Amino acid sequence: MQQRTLGRQGLRVSALGYGAMGLAMAYGPTDEREATAAIRRAFDLGVTFFDTAELYGWGEGEKLLGRAIDGFRDDVVIASKFGFTRQFGYDSRPDHIREVVDNSLTFLGVDHLDVLYQHRVDPNVPIEDVAGTVKELIDAGKVTYFGLSEAGPRTIRRAHAVQPVSVLQSEYSLFTREVESLFPVLDELGIGFVPYSPLARGFLTGGLKGSTEEYDSTDSRRSGAGLPWWQPGNFEHNHAIVQELTSVAEGKGATIAQLALAWLLSRGEHIVPIPGSRDPRRVEENLAAVDLALDAPDLDAIEKALGDGPAGRRNSEGVQWD
Ligand SMILES: NC(=O)c1ccc[n+]([C@@H]2O[C@H](COP(=O)([O-])OP(=O)(O)OC[C@H]3O[C@@H](n4cnc5c(N)ncnc54)[C@H](OP(=O)(O)O)[C@@H]3O)[C@@H](O)[C@H]2O)c1
């Protein structure tokens, strides 16, 4: 697997990582045996970057990931995150950060976190206090690298001045491109970028289902009216884009998931997407994207297929970048 460097502090990982959110939230029930096989398949195929968070099952996701990587923990980079409350509010108070990190170390069964992200900016805690707390944790050996998620340019600069930020993680896919406006700041400060939900939460895959009712009752794509891309009226438009993209992919002997991931990889050497799947075969499919080269006509064909983009907003409503 190709390697990429995130930031200027020495963080080096496989060009594609593994997103572990679906193990414990968002996409319906998980079969631990199957999910463990998926994680181990990812490692066997060269993935060295595993992404989790306190939020993902409040310990359950970290425990499952910790069990799955037991035996090769020292060969991989583990990223986790703090900052949500159980009511989906924000809490980045220093004491809370320290408590969450200690819990994550216990749940994962490790003695340090390689990357620690603030999951969401907390408007009630100055980012300097957050960065200062992470710096203390780095000095104490509990954390190695600092990351932010869904942070805006001023916040990134202010945090970086206290503790260098190695990586920003925000939503980025063929369906969600707003974050491209932040790339100049990342370039200037030498910060790496991790696109989350790189397959648009499964919309940009062969696993797309036509109705929110076809998803498990605990799947977030079904809850309420489902995510905006799935809502009637939006879905038909977005499905037509998927069909166009699938034709482009098939012309390359690839799948739409591979095309979506190869497109992200083509956007810059500082980019490491973290697709999530609990299915070993899908993991294999997704990882083959590192070998899918896209040339200028391919990129043009992708833009043409996207047209004016999908109908409906991404899921992270209410996130304000400052
Ligand atoms: N920082 C943040 O706020 C934040 C927010 C969201 C996500 N994340 C991180 O980003 C990671 C990835 O995002 P995500 O899981 O939301 O979305 P994603 O990777 O865009 O899509 C995951 C969904 O697609 C399905 N899938 C994956 N590969 C497939 C394939 N080849 N064919 C068919 N279906 C496929 C998965 O189902 P199966 O599991 O059933 O295969 C799952 O339902 C997360 O795991 C998490 O680590 C971070």
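See the structure shown above.
Quick look at the structure, then. This structure is a prediction, so every number in the text was calculated from the model and none was measured.

## Topic: the site of the ligand
Near the ligand you find 30 residues, and of these Tyr27, Asp51, Arg120, Leu199 and Ser277 are the closest. Contacts to the ligand include Arg120, whose side-chain N or O atom sits 2.8 Å from an oxygen atom. Arg278 is positioned with one of its backbone polar atoms (N or O) 2.9 Å from an oxygen atom of the ligand. Protein chains bury 94% of the 910 Å² of accessible surface belonging to the ligand in isolation.

## Overview of the nonpolar core
Of all hydrophobic cores here, the largest spans 88 residues; its most connected members are Tyr18 and Leu245. Broken down by element, this core gets its largest block of residues, nine residues, from helix H8 (residues 256–265). Grouped together as the second largest cluster of nonpolar side chains are 14 residues, Val77, Tyr145, Val167 and Tyr196 included.

## With respect to the sheet that holds strand E3 (residues 18–19)
The seven strands are arranged E3-E4-E5-E6-E7-E8-E9 in an open sheet whose pairing can be described as parallel. Whereas interior strands pair on both sides, the edge strands pair on one side only; in this sheet they are E3 and strand E9 (192–196). Of the pairings in the sheet, the one linking strand E7 (residues 143–149) to strand E8 (residues 167–171) comprises three bridges and is parallel in character. Paired with Gly147 across the bridge in E8 is Val167.

## A word on the packing of aromatic side chains
Aromatic ring pairs are reported here in terms of the distance separating the ring centres and the angle at which the planes meet. Summed over the entire model, instances satisfying the criterion amount to 13 aromatic pairs. Judged by centre distance (3.8 Å) and plane angle (5°), the rings of Phe43 and Phe72 are stacked. Of this pair, Phe43 sits in helix H1 (residues 32–44) while Phe72 sits in the loop between helix H2 (60–69) and strand E5 (77–82), and the two are 29 residues apart along the sequence. Ring plane angle 50° and centroid distance 5.5 Å describe the contact between Phe203 and Phe235, whose orientation is recorded as tilted. With Phe203 in the loop between E9 and helix H7 (234–251) and Phe235 in helix H7, this pair connects stretches of sequence that are 32 residues apart.

## Remarks on the environment of Val272
Among the structural elements, Val272 can be located in the loop between H8 and helix H9 (280–287). The exposure class of Val272 is buried, given its relative accessible area of 0%. Excluding residues that lie within four positions of it along the chain, Val272 makes contacts with Arg4, Leu6, Val13, Ser14, Ala15, Leu16, Gly17, Phe49, Phe193, Val194 and Pro195.

## Comments concerning the pattern of salt bridges
Evaluated as defined, the whole model comprises 22 salt bridges. Of the charged contacts in the structure, one is a salt bridge between Asp219 and Arg221, with a shortest N-O distance of 2.8 Å. The burial state of Asp219 is the same as that of Arg221; both residues are buried. Overlapping salt bridges bring together Glu150, Glu171, Arg201 and Arg314 as one network.

Conventions we followed
Residues numbered from 1 in each chain as written. Predicted model: local features only at pLDDT ≥ 70, side-chain atom pairs only at ≥ 80, totals over all residues. Heavy atoms only, no water. Near = heavy atom within 4 Å. Polar contact = N/O pair within 3.5 Å; in protein donor to acceptor, adjacent residues only side chain to side chain. Areas by Shrake-Rupley, 256 points an atom, 1.4 Å probe, with all protein chains shown as cover. Core = buried A, V, L, I, M, F, W, Y, C linked by side-chain atoms within 4.5 Å. Buried < 20%, exposed > 50% of the residue type's maximum accessible area, 1.4 Å probe, protein only. Helix = DSSP H or I, 4+ residues; strand = E, 2+ residues; numbered from the N terminus. Pairing = 2+ DSSP bridges. Phe/Tyr/Trp six-rings, centres within 6.5 Å; stacked < 30°, edge-to-face > 60°. Contact = heavy atoms within 4.5 Å. Salt bridge = Lys/Arg side-chain N within 4 Å of Asp/Glu carboxyl O.

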